[in-house]
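So the chains spell out like this:
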Amino acid sequence: MPQVRLDDIVERIQSYHPDADVDLLQRAYIFSARAHQGQTRLSGEAYLNHPIEVAAIIAGLKLDAATVAAGLLHDTIEDTTATLEEIKAMFGDEVAMLVDGMTKLSQMELQSREQREADNFRKMVVAMAKDIRVILIKLADRLHNMRTLKSLPPEKQKRIAQETLDIYAPLANRLGISKIKTELEDLSFMYLNREAYDDLSGKVNQRRIERETYINELIEIMKRQLAEHGYKGEVKGRPKHFYSIYQKMQKQDISFEDVYDLIAIRIITDTKVNCYAILGLIHSLWTPVPGRFKDFIGVPKSNLYQSLHTTVIGPKGERVEFQIRTEEMHRLAEEGIAAHWRYKEKSAISQREEQQFAWLRQLLEWQRDLPDAKEFMDTVKGDLFPDVVYVFTPRGDVKELPQGSTPVDFAYSVHTDIGHQCVGAKVNGKIVPLKHVLRNGDKIEVTTQAGHTPSRDWLKFVKTSKARTRIKAWLKAEERRRSILLGKELLEKDLRKHELSPSKAFKSEELLKIANEMSHNTLDDLLAAIGYGKVSAHMVANKLAPEKQHVEPLPKKPHQKQAKASSGGMKISGMDNMLIHLSKCCNPVPGDKVIGFITRGRGVSIHTADCPNVGELTFDKDRLIDVSWDDLHTTAHAVKISVKTQDKPGLLASVSSSISAAEANITHAEALTGEDLEATLNFTIDIKDVEHLNKIIKNIEGIKGVLDVKRVKTG
């Protein structure tokens, strides 16, 4: 690829903005050249080539001179001795703000790749909210990095390519910039699966001449038909890009030879009316394929994409996809949100455009609501990159939702309060359950009831991030409210034992001081911690009462069983007198990795780290606590094992003897025989720890006739 020069960039900008500030670009180029002087990339080329190429990509999106200048300067603060103050003094606040935004996206020192990507995405959302051009520069930067990825080590190539495919290509798609999205996808595909990429590109190239001939014939037919019927239109042929072909092969589980619509013809006409007229003309020439017509003009995509898509059985029985759009629609399809900038003199999109990109504001709300970067990333991914369905409100307005969405998702998409108060729904006039999966074209009506609140069960079926986030936020707020009330009630009881007035205590500065000493900012935070079981009300009351008024809890009588922090062989750091029980859903034993969950009224429930219920428990992180096994505790633990054997006499006795020989007590045993000459032996045994259990299982596996041995974790 020939080296881009500054003159090429200037010429490109002046083609769409004759009055662009060329002096700004020349000064930015000189500053960047001096700052990067002597620096080289891993490929050996001068580092300056990178910012020039990035600026050229930005100019290709027809952005303003300030953004192109920022592209030339985007690495100067991070990689050279240049400072933000210098950039501001020489190029003004606008360029400095864009360069600073890019610098902040790049400056990260995080522990894991997953955490780094999540935090990177969060920073991009904040940058988008401030000025969308920061992300456009970032996409240009990533595109040129992908074009020059071959000079990096293979493991780094794969890491960057995967991040590009997971984040940057979908983001370019959501912003509507298809030409960047498709190139990022194909480049990522090449580095992530070179064998499949080479195989696919080879097969496409083998049929290239044949397909080009076919495309040219179709183009000539359409040109004659448009002229004959008096329609204006530019006709272009376009082969599908490699990654989209590969995705189709994977999703439909078909071979390359079975991918029919490898050919796409694009017709760009002058008016919306003519788009539909040309569609009718195409359908009169060739048979349309049922189910393959999509009207994105009547119902635009959320990234503003508009076009008519139809697939027909063309000449020689080949499937051909036609895309029909106006020039303006085509510009938006290629450049997306960048097309709204052009050479505007302002640094914010108009109110109308801002409304069209409401999802940007939604992303910003999520990043504020979800302090954990990984949780934010997981929440956003579902809504940012979904396959979608289009449904209608009772008034005929269109809502775009991810596939698999339900009436509850629809309700939350209208308004948070509608979602909270949703009690029923009708789809196309028929009553449906709230977990009913919506389809394209459905008309949705939801019934609300004042005072109704969300159900935790909704989290099992909702699909949109907005619904999930709002439900979790309500549940968390409600959980906190209840914890504060419970904490207040518990503290009041202990205060009365000390003959202290609860009403006076709650108004005193002394109680707030105690809360602060225990790392709680407010009184409500302290009461919530008491309600959650993380802080002892007795301890707080003791701190508040004068020394002489301290009342110790009465000792337990000898015959009473006292709940201790080491109950069940467990230890909880910094907590006394906590009732602990081992959960029956996973039946943990010493040696298992475990977590503790503070329950309502039943103390701390202990689960194995891989328990199926842990996913729901981690929703409320305030009630999770660290626990560990007490090494000094020698209590026996009951565990279930299931042994699959050949159906032969004496095997039950052999297995039972093996268990007893390993110094484990059998408390229950049963034998079940099947029709396949196999038997299942189920035992409940008392063991010391996981190591003891593994030894028993290994001994049983060595018995002739035993087919399989496994631990049964369900209660």
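Anyway, here's the lowdown on the structure attached to this text. In this text the structure is predicted, and so the values were computed from the model without any measurement. (Residues numbered from 1 in each chain as written. Predicted model: local features only at pLDDT ≥ 70, side-chain atom pairs only at ≥ 80, totals over all residues. Heavy atoms only, no water.)

Some details on the packing of aromatic side chains
And then number 1: Summed over the entire model, instances satisfying the criterion amount to seven aromatic pairs.
And then number 2: On the basis of an interplanar angle of 75° and a centroid distance of 5.5 Å, the ring pair of Phe 189 and Tyr 197 is categorised as edge-to-face. Tyr 197 carries the same exposure label as Phe 189, and that label is buried.
And then number 3: Clustering of aromatic rings is evident, with ring pairs tying together Phe 189, Tyr 197, Phe 242, Tyr 243 and Tyr 246. (Phe/Tyr/Trp six-rings, centres within 6.5 Å; stacked < 30°, edge-to-face > 60°. Buried < 20%, exposed > 50% of the residue type's maximum accessible area, 1.4 Å probe, protein only.)

Some words on the nonpolar core
And then number 1: Counting residues in each nonpolar core, the largest one holds 78 residues, and the members touching the most others are Ile 9, Ile 87, Val 95 and Leu 175.
And then number 2: Look past the residues within four positions of Ile 9 in its chain and what remains in contact with it is Val 4, Ile 52, Ala 55, Ala 56, Ala 59 and Val 68.
And then number 3: Ile 215, Val 235, Ile 265 and Ile 297 belong to the second-largest nonpolar core, a separate cluster that totals 23 residues. (Core = buried A, V, L, I, M, F, W, Y, C linked by side-chain atoms within 4.5 Å. Contact = heavy atoms within 4.5 Å.)

Quick notes on the pattern of salt bridges
Any two side chains of opposite charge can pair, on the condition that their charged atoms come close.
And then number 1: Evaluated as defined, the whole model comprises 22 salt bridges.
And then number 2: The salt bridge partner of Arg 27 is Asp 23, with a shortest N-O separation of 3.0 Å. One end of the pair is Arg 27 and the other is Asp 23, both in helix 2 (residues 22–35) and four residues apart, which spans about a single turn.
And then number 3: Its relative accessible area of 42% is what places Asp 23 among the partly exposed residues.
And then number 4: Connected through salt bridges with shared partners, the residues Asp 64, Glu 94 and Arg 133 form a single ionic network. (Salt bridge = Lys/Arg side-chain N within 4 Å of Asp/Glu carboxyl O. Helix = DSSP H or I, 4+ residues; strand = E, 2+ residues; numbered from the N terminus.)

With respect to the sheet that holds strand 14 (residues 594–598)
And then number 1: The four strands lie next to each other as 13-15-14-16, forming an open sheet whose pairing is mixed. Each edge of the open sheet is held by one strand with a lone partner, namely strand 13 (580–582) and strand 16 (624–625).
And then number 2: Where strand 13 lies against strand 15 (residues 604–608), three bridges are found, and the strand directions are parallel. Residue Ile 580 lies in a different strand from strand 15, and its bridge partner there is Val 604. (Pairing = 2+ DSSP bridges.)

What to know about the side chain of Thr 148
And then number 1: Along the chain, the position of Thr 148 falls in the loop between helix 8 (133–147) and helix 9 (154–174).
And then number 2: Looking at Thr 148, its side chain comes within polar contact range of the main-chain oxygen of His 144, at 2.9 Å.
And then number 3: Excluding anything up to four places from it in sequence, Thr 148 contacts Arg 41 and Glu 45. (Polar contact = N/O pair within 3.5 Å; in protein donor to acceptor, adjacent residues only side chain to side chain.)

Some words on the packing of helix 3 (residues 49–60) against helix 8
And then number 1: Relative to each other, helix 3 and helix 8 sit at 125°, their axes nearing to 9 Å. With respect to helix 8, the axis of helix 3 lies oblique. Seen along the crossing, helix 3 lies across helix 8 with a hand that is right-handed. Two secondary-structure elements touch here, helix 3 through Asn 49, His 50, Glu 53, Val 54, Ile 57 and Ile 58 and helix 8 through Ile 137, Ala 140, Asp 141, Leu 143, His 144, Asn 145 and Arg 147.
And then number 2: Counted by class, the contact of helix 3 with helix 8 contains six nonpolar, four polar and three charged residues. (Axes fitted to C-alpha atoms, helices over the stretch in contact; angles between N-to-C directions. Parallel < 35°, antiparallel > 145°, perpendicular 65-115°, else oblique. Left-handed = near helix turned anticlockwise from the far one by under 90°. Nonpolar A, V, L, I, M, F, W, Y, C, P; charged D, E, K, R; others polar.)

Focus on the side chain of Thr 608
And then number 1: Locating Thr 608 in the fold gives a position in strand 15.
And then number 2: At a separation of 2.9 Å, a polar atom in the side chain of Thr 608 contacts the side chain of Asp 610.
And then number 3: Here Thr 608 is in contact with Cys 586, Pro 588, Asp 592, Lys 593, Val 594, Val 614 and Lys 713, once residues within four sequence places are set aside.

Description of the packing of helix 27 (residues 651–661) against helix 28 (residues 690–701)
The axes of two packed helices give the description: the angle between them and the distance between them.
And then number 1: The contact between helix 27 and helix 28 brings their axes to 9 Å, and the two run at 145°. Crossing angle aside, the handedness with which helix 27 passes helix 28 is right-handed. Contacts between helix 27 and helix 28 involve Val 655, Ser 658 and Ile 659 from the former and Ile 696, Asn 699 and Ile 700 from the latter.
And then number 2: Partitioning the contact of helix 27 with helix 28 into residue classes produces four nonpolar, two polar and no charged.

Quick look at the sheet that holds strand 21 (residues 706–712)
And then number 1: Strands sit in the order 19-20-18-21 across an open sheet of four strands; the sheet is antiparallel. Since the sheet does not close on itself, it has two edges, and those belong to strand 19 (665–673) and strand 21, each with one partner. Across this sheet, the average inter-strand angle for adjacent strands is 20°, counted without regard to direction.
And then number 2: One ladder, built from six bridges, connects strand 18 (residues 637–646) with strand 21; its direction is antiparallel. Directly across from Ile 641, in strand 21, lies its bridge partner Arg 711.

Digging into the pairing of strand 18
And then number 1: Pairing geometry for strand 18 and strand 20 (residues 678–687), over 10 bridges, is antiparallel. Paired with Gln 646 across the two strands is Glu 678, which belongs to strand 20.

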